[in-house]
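Here are the chains, one letter per residue:
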Amino acid sequence: MRIPKSPRNVGVVLFWAASGLIAAGTGLAAGEVLSARIPDMLSPVIGVGNRAIDLAPPVVKRFAISTFGTNDKQALLIGMAVTIAVFSAIVGVIARTRLWASIIALFLFGALGSLAAVTGRQGGIRAAIPSIVTAVVASLVLVAVSKLASSSGSRSLDTPVTDAPVAPRVDAPVAPRIEVANNGSVSLSRRTVLATGAFAVVGAGLGLYARQLTAAADAAVRKAVRKLPLARKPLAALPASAGVPELLEANPFITPNKDFYRIDTALVVPRVDVGRWRLRVRGMVDKELSYTYDDLLERALVERDITLTCVSNEVGGILMGNARWLGVPLQELLDEAGVDPKATQIMGRSVDGWSAGFPTAALRNAPDALVAVGMNGEPLPFEHGYPARLVVPGIYGYASATKWLDTIELTTLEAADGYWVPRGYSKKAPIKLASRIDVPRGLSTIPAGPTAIAGVAWSQTVGISKVEVKIDDGDWTEAELADEIGIDTWRQWRLTWDATSGRHDIAVRAYDRAGTLQIEERVAPLPNGATGWHQVLVFVS
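Nothing here was measured: the structure is a model prediction, and the numbers come from that model.

With an omega dihedral of 10°, the bond running from Tyr 386 to Pro 387 counts as a cis peptide bond. Here Pro 387 shows up in the loop between strand E8 (378-379) and strand E9 (389-391). Looking along the chain, the bond that leaves Val 439 and enters Pro 440 is cis, with omega of 0°. Tracing the sequence through the fold places Pro 440 in the loop between strand E11 (434-439) and strand E12 (445-446). Non-glycine residue Asp 472 carries a positive phi angle of around 55°. The residue Asp 472 is located in the loop between strand E14 (464-471) and strand E15 (477-478) in this model.

What follows deals with the sheet that holds strand E1 (residues 279-283). Spatial ordering of the open sheet is given by E2-E1-E10-E5-E6, a layout of five strands whose pairing is mixed. Strands with a single pairing partner mark the edges of an open sheet, and in this sheet they are strand E2 (289-291) and strand E6 (355-359). Each neighbouring strand pair of the sheet contributes to a mean axis angle of 15°, computed without reference to strand direction. Relative to strand E10 (residues 405-411), strand E5 (residues 345-350) runs antiparallel, the two sharing six bridges. Considered in E10, the bridge of Gly 348 is made with Ile 408. Of the strands in this sheet, E1, E2, E5, E6 and E10 are in contact with helix H9 (residues 330-337), which crosses E2 at around 140°.

Close contact between helix H2 (residues 44-55) and helix H5 (residues 99-119) brings their axes to 8 Å; oriented N to C, the two are set at 65°. For the pair H2 and H5, the sense of crossing is left-handed. In this structure, H2 contributes Gly 47, Val 48 and Arg 51 to the contact, and H5 contributes Gly 113, Ala 116 and Thr 119.

A surface patch of nonpolar side chains, about 430 Å² in accessible area, is lined by Ile 78, Val 82, Val 86, Ile 90 and Ile 94. Following the sequence through the fold, Ile 78 ends up in helix H4 (residues 72-95).

The next point concerns the confidence of the model for the protein chain. The predicted model of the protein chain averages 89 in pLDDT, with 91% of residues at 70 or higher. Low pLDDT, under 50, characterises residues 1-5; the predicted model gives this stretch 13 contacts beyond four residues in sequence or across chains.

This next bit is on helix H3 (residues 58-68). Those residues of H3 not exposed but buried are Pro 58, Lys 61 and Ile 65. In an axial view of H3, the angular spread of the buried residues amounts to 65°, which keeps them on one side of the axis. Along H3, exposed side chains directed more than 90 degrees from the buried face belong to Val 59, Phe 63 and Ser 66. Where the residues of H3 are buried, they touch H2 and H4. Immediately beyond the C-terminal end of H3, within one or two residues, lies Gly 69, with a positive phi of roughly 60°.

Time to look at the packing of aromatic side chains. As enumerated under the stated definition, the model contains twelve aromatic pairs in all. Aromatic pair Phe 260 and Tyr 261: ring centres 5.4 Å apart, planes at 20°, arrangement stacked. Here the two residues Phe 260 and Tyr 261 agree in accessibility, since each one is buried. On the basis of an interplanar angle of 65° and a centroid distance of 5.9 Å, the ring pair of Tyr 293 and Tyr 386 is categorised as edge-to-face. Note that Tyr 293 is positioned in helix H8 (residues 293-297) and Tyr 386 in the loop between E8 and E9, a separation of 93 residues in sequence. Take Tyr 293 and Tyr 386: they sit in the same class, and that class is buried. Members of the aromatic cluster, joined through ring pairs, are Trp 354, Tyr 398, Tyr 419, Trp 420 and Tyr 425. The ring of Phe 382 has Arg 271 sitting right over it, with the charged end atom 4.5 Å from the ring centre. Sitting over the ring of Tyr 419, Arg 423 keeps its end group 3.8 Å from the ring centre.

Positionally, Lys 73 belongs in helix H4. A residue is classified by how much of its surface remains accessible, and Lys 73, at 5% relative accessible area, is buried. With residues up to four places along the chain from it excluded, the contact list for Lys 73 reads Arg 262, Asp 264, Thr 265, Ala 266 and Leu 267.

For the rest of this paragraph, the subject is the sheet that holds E12. Spatially, five strands are ordered E12-E19-E18-E14-E15 in an open sheet, and the strand pairing comes out mixed. The open sheet has two edge strands with one neighbour each: E12 and E15. The sheet contact formed by E12 and strand E19 (residues 534-540) spans two bridges and is parallel. When the bridges of E19 are listed, Ile 446 appears paired with Val 540.

Conventions and cut-offs
Residues numbered from 1 in each chain as written. Predicted model: local features only at pLDDT ≥ 70, side-chain atom pairs only at ≥ 80, totals over all residues. Heavy atoms only, no water. Helix = DSSP H or I, 4+ residues; strand = E, 2+ residues; numbered from the N terminus. Pairing = 2+ DSSP bridges. Axes fitted to C-alpha atoms, helices over the stretch in contact; angles between N-to-C directions. Contact = heavy atoms within 4.5 Å. Left-handed = near helix turned anticlockwise from the far one by under 90°. Patch = residues over 30% accessible without salt bridge, like charges linked within 9 Å, V, L, I, M, F, W, Y side chains within 5 Å. Areas by Shrake-Rupley, 256 points an atom, 1.4 Å probe, with all protein chains shown as cover. Salt bridge = Lys/Arg side-chain N within 4 Å of Asp/Glu carboxyl O. pLDDT = per-residue confidence, 0-100. Buried < 20%, exposed > 50% of the residue type's maximum accessible area, 1.4 Å probe, protein only. Arc of directions from axis to C-beta. Phe/Tyr/Trp six-rings, centres within 6.5 Å; stacked < 30°, edge-to-face > 60°. Lys NZ or Arg CZ within 6 Å of the ring centre and 35° of its normal.

Dropping the structure here:
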């Protein structure tokens, strides 16, 4: 007799799909507990995610940043969660008829995680162990569910059923008991469902325990964050004339920490134990040095207003921000170590293995480069590099702004490449002269009459001398510049426009203090930053 399809048969398939999810979830939770309990072990999900980020071609990274912006990490994690869920459900359904194939699939998943951990930026044999544990625990759960189902008959979809009972041979193994309803459908035993549910509870408990361990470690790191000392010569409060009123809400002169852009390759923000952390200066130096966090705080710290820009910033993009940084002048630390004259590159390395290098000659134009420990009057936020990071005016972040800094290495431009250079970006990365319209927003509708056009322009280490605005096909009109605070920051500007009804195109361009005009030609960010005049379309009612 052929068993007809029925809601109960569909329920059996769903049961096995759920079993796959429960097995994988329990295994992942066990791996997370292990990685949270033991230092230098990497979460299976994070290990694979970090490796995916490293192996993704530049076009994929640019798509992720342009599509999701600063939410690119969350998008990747959601995508991984969906992929793991689908994979686990398929593995569970396969286990219904071919348990051995499902076990192989789970161990392949574990091998993938282990390989990602070993070959990644935070590589090491110990980092691979949680992925192995994940595969083992998931396999054990799936085997246990399979045995329960076999003994209770809930796998009987795979057992032929006839109208009349057939007496088994004396020497033949007894087939699993079959539960067939009057309508020919197969039902699940209560014992199997309850036992599988118990595994789900165990997995959920392990997941909650892993979260508690992570939260406790996070709380311990946060508790160790201490109040920063004042700068040796604190900067004066910013005058109101540094900004324009129209930008107070849209884009204030100082970007609040919570609004400061974050573009990096860290899937999970590193939580650094400052008690164990050391900043090392090594490589082509007279003597290698090591500094504790307290060593840095006890020095004569300085404040600097510096604008940072991401190389992924498109024309008119928002991947930039201006902050008041507190830290140790980078040149001081280099002078103490004694730099070999043959060293042509300063390479910053992060606790998670990321790296960025820039020419030593660039410091001649960036004397305010810092090993920063503070941002806008508070310790560096974890997302922005706590306990220390590099801040180098005039150089795109991909080549200079190493967060979670633990090593400053003096080397040559030929001997070492930063993280992004082998991925198609230029080794030298001076920030390009640019400008942006912040008010009014593109595609917005504004009332007719006097209205303000306002935005920012920047040319770090050189400064802005003039900004011009053009409406439709009219002439270029010079905008009013806010006071200049320093050549390392952006400069705000405004222009009053008597708006008339209809559709209008607004364009902006800037000149630096050397008299150079911003490049008009539109060029994409790869390999060393975008160019082009920013334009917005607005509608006047």
